[in-house]
Amino acid sequence: MAASSQPLIVSCPTCKAPVAWLPEQQFRPFCSERCKLIDLGEWAMEEKRIPGEPLEEDEGDIDGQIIWRP
């Protein structure tokens, strides 16, 4: 199977602009640093989440730090 001479085009996860999947595309899969930072902020504000069971908070702590366990 021969490789295509056309680069793979993906949609920016933030603004949906087309992005060529090339090594020189610094922010791939994002179209720009701005879109990359918007996405990071959404994760930091917990607007985005990976599906799964919630973690339970352990009553014990070590040196004042709460211990989390699955």
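Each value, and the rule that gives it
- Every residue gets a number counted from 1 within its own chain, in the order that chain's sequence is written.
- Local features in this predicted model are restricted to residues whose pLDDT is 70 or higher, and side-chain atom pairs enter the listing and the counts only when it is 80 or higher, whereas totals over whole chains, interfaces and linings include all residues.
- Hydrogens and water molecules were not included; the side-chain quantities draw on all heavy atoms of the structure.
- Think of it this way: any DSSP run of H or I at least four residues long counts as a helix, any run of E at least two long counts as a strand, and we number them from the N terminus.
- Here's how the labels work: a residue is buried when its accessible area is under 20% of the maximum for its type, exposed when over 50%, partly exposed in between, all with a 1.4 Å probe on protein chains only.
- Here a residue-residue contact requires only that any non-hydrogen atoms of the pair lie within 4.5 Å.
- Salt bridges, as used here, are contacts in which a Lys or Arg side-chain nitrogen is within 4 Å of a carboxyl oxygen on Asp or Glu.

Draft legend 1. Local environment of the overall build of the chain. Along the backbone of the chain there are one helix and four strands. Helices and strands in the chain line up, N terminus first, as β-β-α-β-β. For the chain, the proportion of its 70 residues judged to be buried stands at 9%. Taking contacts inside the chain between residues at least 6 apart in sequence as the whole, the part at least 24 apart equals 3%.

Draft legend 2. Focus on the pattern of salt bridges. Per the counting criterion, the structure on display carries two salt bridges. Of the charged contacts, one joins K48 and D39 as a salt bridge, the two residues approaching to 2.2 Å between their closest N and O atoms. Judged by relative accessible area, which is 11%, D39 ranks as buried. With a closest N to O distance of 3.2 Å, E42 and K48 form a salt bridge.

Draft legend 3. The side chain of D39, seen in detail. Here D39 lies in helix α1 (residues 33-44). When residues no more than four places from it in sequence are discounted, the contact partners of D39 are T14, F30 and K48.

Draft legend 4. Summary view of unusual backbone geometry. At the junction of R28 and P29, the peptide bond is cis and its omega measures out at 10° in the coordinates. In the Ramachandran plot, K16 falls in the positive-phi region, its phi being about 70° despite a non-glycine side chain. A positive phi angle is found at E46, which is not glycine, with a value near 60°. Within the element layout of this structure, E46 appears in the loop between α1 and β3 (56-62).

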